[in-house]
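In case you want the letters, here they are:
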Amino acid sequence: MDFSKLGSAKKPKAPSNPIKIFETLPSLAGTPNDLWRGQDRALIEWQKVRDKRDVLISLNTGAGKTIVGLLIAQSLVNEGLENIVYVCSTIDLVEQTSKEATRIGIDHTTRVRGGYSNDLFETGKAFCITTYAALFNGLSSIRRNYFPGAIIFDDAHVAESLLRDAFTLRIDVREDEALFNEIAGLFRPHFKELGIRGRFADSLDLSKQNTAFVAPGGLYEHRERLLEVFHRHGVKTDDDYKYPFAWLEDRLDCCAAIFTRGVFELTPPFLPSLALDIFEQNIRRIYLSATLQSQTEFIRAFGRQPGEIITPSNDAGNGERLILDGRKVKKGFGPKFAKKLVKGRKAIVAVPDYARASEWEDLAEPPTPEEFTDALNDFRENQKDGAFTLVSRVDGIDLPHDTCRIMIMDGVPSATSLLERYQWEWLRMDNVHASRIANRLAQLFGRINRGRNDYGSFLLQGEALSKWIARDRNLALLPPLLQQQILIGREVQTEFKLTEGDDVIELVDRVLDRDEGWLDYYRREVKLAELDKDQLERAQQAEPVMVAATLSEAKYAAAMWSGDAATARRELEKTIDKTATDDAKLSGWHSIWLGAAYELDGDKDAAYRAYGIAMRRLNRSMTLPRPLGLGAKDAASYEFNEFGKSLKDLLSYPQGAKFEGELKKLADTLALIDTGTPNQAEAGVRQLGELLGFKAIRPDNDEGTGPDVLWLDEAQPRMIGFELKTDKDDPATYFKKDISQGHDHLEWMEQTHGEYTCLGLVYIGPDGSVDAKANPSDEMGLCLPQSVVALRDKVIALIEDLRKETPIERLTLISKITEEKRWDIEALLDEFWAKDMTNL
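Residues numbered from 1 in each chain as written. Predicted model: local features only at pLDDT ≥ 70, side-chain atom pairs only at ≥ 80, totals over all residues. Heavy atoms only, no water.

Asker: Break down the nonpolar core for me, with residues and values.
Answerer: In this structure, Phe-259, Phe-302 and Trp-589 are the most contacted members of the largest nonpolar core, which totals 105 residues. The dominant element in this core, judged by the number of residues it contributes, is helix H24 (residues 533-561), at nine residues. Grouped together as the second largest cluster of nonpolar side chains are 41 residues, Ala-696, Val-789, Leu-798 and Phe-832 included. (Core = buried A, V, L, I, M, F, W, Y, C linked by side-chain atoms within 4.5 Å. Buried < 20%, exposed > 50% of the residue type's maximum accessible area, 1.4 Å probe, protein only. Helix = DSSP H or I, 4+ residues; strand = E, 2+ residues; numbered from the N terminus.)

Structural data, given as C-alpha cells:
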C-alpha cells in the first residue's frame, strides 16, 4: 500500500464555468471550434446569475440552444449539485440531444421507456436527459428516487401542452367501450338537467363534431360515483391511465370534464404547476426557449414569470424565408399543385392531424410512429425530390440547408388537448389560442430553416391558416424577423399579382437559385417592413393585463389543488374584471371557475351569478346551471327579459361590502367609455351592452375582423355595430379609410350574423365632417360620446334606485321597468344616432 500515491493522484477539480467547460472538451471530429456569438453571450450572462432559481434563456430557433443547455447541465454537475435533469419534449429529441452531447464529448445518461442508459446519473457522475413525461407523470421514479437539484427545460415555449398531458385522463370509446359507456351513462341525467341532452348525444357520436361540457357542479355531484367506476375498471393500474390518474384521483374537484366525438377527457382548467414539488422547492430551473413576444404561455406552463431573462443579441437562426399565401392563388397550394412542385424538388407537407394528412396520401403517406425516424432520415439523406408529411409535429425535426428548402403548411397547428380544442373551436377563445399558435408556428417555420445562412420557401394552405396570418395582431406575437418576412411575402404577391401556380413555382425557383434581384430586394426590405401600428399597440397594451390574468390562473390552480377554494376564488377575483377589458371571453372562462370555487365553498348563489356572467361573456356557447330563484326565492314568480335578468343578478348580491365591490368594478369598467383609450372605451361599450341584456362582443379585438363592438338582441334578432373614433380631434374628419372600414364591417355583420336585422353601424366620435373622397352609406350614423355616457349614467342611476327597495319590491320594479320601450334596442339607437354620416 503506497500512500504516497494518494492525494497527488486525484483529478483537479473540474471547472464550473460553462465557457471553460467548452474550452476543455475533447477534440473530437464533431466538436465545434468555437461557440456562436449568441451561445457565448448566453453562457456568460447565465454564469452571472447561475444561483438564481428561475432563469429563461431565449434564443432563435436554430441558434444552438441545445449546446447551451448541455454546457449548463455539465456546469451544474461540476459545481456539485445532485441529480441534474435535462428534459425534452419527445423520445426522439432525447436521442438527438444525447447524440449532440456525445458529439461534443460530454458524458451523460438518458432515461426513456423506464430504463437508464448507464449508471452515471444514478452514481452522481453525470446529468440525465429524459422527457417531460418521465419527470412529470404522477408516478415518476425520477422525482421519487432522484429528486432533481436542478432542471433544464428544453423547448420551454411549448411546454404547456407537454405538462398538460401529465394531468390529462382521456377515455376513448374505441379503446375502452365499457368504461366510456359507463361514464357517459353516469352524466346523462346531468346533461338532461342542463337542457342539452341532444348536444350530449351528439358528443358521443364519432361521426359528429360536437362537445358537451360538464358543469363544475355536475362533476362535484358525481365525483364519488365516477371514482368508483374508475376503480372498478382498474384505471389505477392500467398502463394507459395510471400515470395521470395518480395526480387526479384525489383532485377530481380541480378538473374540467368534457365529452367530444366518443372521448371523455378529465383535466385541470389551469395547470397546478405552483403546487408541484418541482416548482415549490428551492431548486434551480433553467428554461431554454425560442424568442418569446408574450410570456402568457410560459406562465401557463410553469406558473410564474422567470426571475431572470437572458436574450443575447444574435443573428443565428435568422434564416431567409419567402412566405406566400395560398388563398391568393387559384386552387391554392393543395395536392395537385404540390405534385407539380416536387418534380425535381423536395418539400415537407406539415398538417395538423391525420384527417388532413389523408388528403395528401397520393403525394406522401405519413409514416407510422414506429417507422417515423427511419423514414425521415431516408428523406433527409437519400431522396432528391418528392414530399414527406409531418403530422402534428412542430419541434424536434431538423432539415437544414439542402436537406429540404420547401415547406407546405396546410392548416393551423392543432390543439393538443380536447379542452384546448373546445376553447378554440367551440368557445372561440381566439386571443388565448393565438399565443399558442404563434409559438407553434415559430417552431414549425424553424424545421427547414435552421441558421443565418439558410433559406427556404414556405407556402401557406388552408383558409384558417391564411386568415390567422393575415391578422396583424396575431403577427405581433411572432418573432420580429418572421413578422417582417410575412409582410415581404404579402408585398411580393400583391405587386407581382401571383395568382397562378406556375408563377409561384417560378418564383420559388428564383429564390432557391439565389436570384440577385430577389436577394437585393430581401436585404433591403426586411429591415423596413412594419406591422399595423394600431394592432401592435393593442398587443402591447394587452400584454400586462394578460400576464396578470395567467398569474391568477396559476395561483387559483395551486389553491384548488391544495383544497383551498376560498383562496382560489380570491385570486381570480383580483383580475377577472380587468381581464374582461382586453379579453371578455377569457374573463368568461375565468368566471366559470370562479363559480366553481364558490360552489365548492358552499355559496351557490355567488356561483350562479358567476355562471351567469360566464354564459354572457362566452356568448351563450356555454350552458351552466342558473336557477330562476337566484338570489331571491320569490323571483320564480316573475318573468324577466334579458335586461331584467342582468339587473336581478347584479342586485341579488347581499347588501354590504360585497355588493359595493361588485358595483364599483362595474362602474370602473363603464367609466372607460369617456376616460379610457379607444381600446378601453370599446371594453366599456361592450360591458354596457352586456348590462342591458344584449349579446355584446368585440369582433375586431377577438377575431381580427368586424366592428369594434357589436350588440345583438337575441329576443328579436336585431343588431347594432359600433366603431369607436373617440381619439379623433374635435371637430373630427372621417376619412376614406374610416368609411371603407365601415363598409367592410357592415358586410361582415351581414355575412356572419345574417339571421339578425342590421339596424346600422354607429361611429362614436366627435362631431365634424366626412372627407370628400369618402362614400358613407345610409346605414352609417354618428353618435357623440356624451350620448353613450348619458345612457351609462342612466343605467347606473337605475341600479342605485333599485337597490334601495325591499327584495320583493325590487323584483316587481325590475320586471316592470326593463319592459319599458326606452330600453328596446331600436329606441337606444334613436338616442345614439345624432346624424347620418351622409349628412356630415
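Asker: Account for the packing of helix H29 (residues 642-651) against helix H34 (residues 785-803), with residues named and values stated.
Answerer: The description of two packed helices rests on the angle between their axes and on the distance between the axes. Closest axis-to-axis distance for the H29/H34 pair is 11 Å, and the angle between their directions is 55 degrees. Classified by the angle between their axes, H29 and H34 sit oblique to one another. The element H29 and its partner H34 pack so that their crossing is right-handed. Residues Phe-643, Leu-647, Leu-650 and Leu-651 of H29 form the contact with H34, whose participating residues are Leu-798, Ile-799, Leu-802 and Arg-803. Along the lines of polarity and charge, the residues of the contact of H29 with H34 split into seven nonpolar, no polar and one charged. (Axes fitted to C-alpha atoms, helices over the stretch in contact; angles between N-to-C directions. Parallel < 35°, antiparallel > 145°, perpendicular 65-115°, else oblique. Left-handed = near helix turned anticlockwise from the far one by under 90°. Contact = heavy atoms within 4.5 Å. Nonpolar A, V, L, I, M, F, W, Y, C, P; charged D, E, K, R; others polar.)

Asker: Any details on the pattern of salt bridges? Residues and values, ideally.
Answerer: Opposite charge on two side chains permits them to pair, given that their charged atoms come into close proximity. A full pass over the atoms with the stated rule returns 62 salt bridges. Among the salt bridges present, the one from Glu-297 reaches Arg-300, with a minimum N-O distance of 3.0 Å. With Glu-297 and Arg-300 both in helix H13 (residues 296-302), this residue pair falls three residues apart, about one helical turn. Overall, the relative accessible area of 4% leaves Glu-297 in the buried class. In this structure Arg-300 comes out as buried when scored by relative accessible area, which is 11%. Residues Arg-718 and Asp-824 are paired through a salt bridge, measuring 2.8 Å at the closest nitrogen-oxygen approach. Of this pair, Arg-718 sits in strand E20 (residues 718-724) while Asp-824 sits in the loop between helix H35 (807-817) and helix H36 (825-832), and the two are 106 residues apart along the sequence. Residue class for Arg-718 comes out buried when judged on its relative accessible area of 7%. We classify Asp-824 as buried; its relative accessible area is 15%. One connected set of salt bridges, linked through shared partners, spans Arg-50, Asp-51, Glu-79 and Arg-284. (Salt bridge = Lys/Arg side-chain N within 4 Å of Asp/Glu carboxyl O.)

Asker: Could you give me a rundown of the pairing of strand E15 (residues 386-391), with the residues and numbers involved?
Answerer: The element E15 is largely enclosed, with a buried count of six among its six residues. On E15, burial covers both faces: Gly-386, Phe-388 and Leu-390 on one face and Ala-387, Thr-389 and Val-391 on the other are all buried. As paired strands, strand E14 (residues 346-351) and E15 are joined by six bridges and run parallel to one another. Residue pairing for E15: Val-349 is matched across the bridge by Thr-389. (Pairing = 2+ DSSP bridges.)

Asker: Just give me the short version of the environment of Ser-591, but keep the residues and values in it.
Answerer: Topologically, Ser-591 is positioned in helix H27 (residues 584-600). A residue is classified by how much of its surface remains accessible, and Ser-591, at 2% relative accessible area, is buried. As a C-alpha pair, Ser-591 and Gly-612 span 21 residues in sequence and 8.6 Å in three-dimensional space. The residues contacting Ser-591, other than those within four sequence positions of it, are Ile-576, Ala-610, Ile-613, Ala-614 and Arg-617.

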